[in-house]
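Each chain, written out:
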Amino acid sequence: PRLRRLLWRTPSTAGDSSDGRRFRITHPFHPLNGQEYELVGFAHTWGEHRVFFRKPGDQRVCSVPAGWTDVEGPDPFVAMSAGRSYFRVADLIELAAVLREMTEKQCK
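Here is a short report on the structure shown in this document.

The rules behind these values
- Residues numbered from 1 in each chain as written.
- Predicted model: local features only at pLDDT ≥ 70, side-chain atom pairs only at ≥ 80, totals over all residues.
- Heavy atoms only, no water.
- Helix = DSSP H or I, 4+ residues; strand = E, 2+ residues; numbered from the N terminus.
- Buried < 20%, exposed > 50% of the residue type's maximum accessible area, 1.4 Å probe, protein only.
- Areas by Shrake-Rupley, 256 points an atom, 1.4 Å probe, with all protein chains shown as cover.
- Pairing = 2+ DSSP bridges.
- Axes fitted to C-alpha atoms, helices over the stretch in contact; angles between N-to-C directions.
- Salt bridge = Lys/Arg side-chain N within 4 Å of Asp/Glu carboxyl O.

Looking at the overall build of the chain
In step 1: Counting its secondary structure elements, the chain contains three helices and four strands.
In step 2: For the chain, the α and β elements follow one another from N to C terminus as α-β-β-β-β-α-α.
In step 3: For the chain, the residues scored as buried account for 17% of the 108 residues in total.
In step 4: Summed over its atoms, the accessible surface of the chain is roughly 8800 Å², and 56% of this surface lies on carbon and sulfur atoms.

Dropping the structure here:
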């Protein structure tokens, strides 16, 4: 049986969750930063690439943006900044817009 399993392996592009591929959450401010999980799936949903996983002992599938993990490799901006900056300009502009919207709602 072991020889048959070696000869008739599942193609690597099949995305079978039993292949044991693991990933680590790398976003510096995420509460699960540094945690490693088994990859359940990878897909383009909600306008971005996302990594799907289950926490140990939980049947519910969770997801995080792929950019917050080591699945896609390091973010080029973070790598070039050599740890001096965790924020990209686009992220700061988006944060400013969210804060402005929150402030406007509080003032009304």
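Quick word on the sheet that holds strand E3 (residues 48-54)
In step 1: A sheet is described by the order of its strands in space; here four strands give the open sequence E1-E2-E3-E4, paired in antiparallel fashion. Edge positions in the open sheet fall to strand E1 (22-24) and strand E4 (61-65), since each of these has one partner strand only. Averaged over all neighbouring strand pairs, the angle between strand axes comes to 50°, with direction disregarded.
In step 2: Across three bridges, E1 lies against strand E2 (residues 36-45) in antiparallel orientation. Of the residues in E2, the one forming a bridge with Phe23 is Tyr37.

Structural notes on the pattern of salt bridges
In step 1: Going through the model one piece at a time under the given rule, you end up with five salt bridges.
In step 2: Here Glu36 and Arg24 are joined by a salt bridge, their closest N and O atoms 3.0 Å apart. Pair noted here: Glu36 is in strand E2 and Arg24 is in strand E1, with a separation of twelve residues, a long-range link.
In step 3: What makes Glu36 partly exposed here is its relative accessible area of 35%.
In step 4: Assessed through its relative accessible area of 34%, Arg24 is described here as partly exposed.
In step 5: The residue Lys105 makes a salt bridge to Glu101 at a minimum N-O spacing of 3.4 Å. Of this pair, Lys105 and Glu101 are both found in helix H3 (residues 89-107), four residues apart, which corresponds to roughly one turn of the helix.
In step 6: A relative accessible area of 43% means that Glu101 is categorised as partly exposed.

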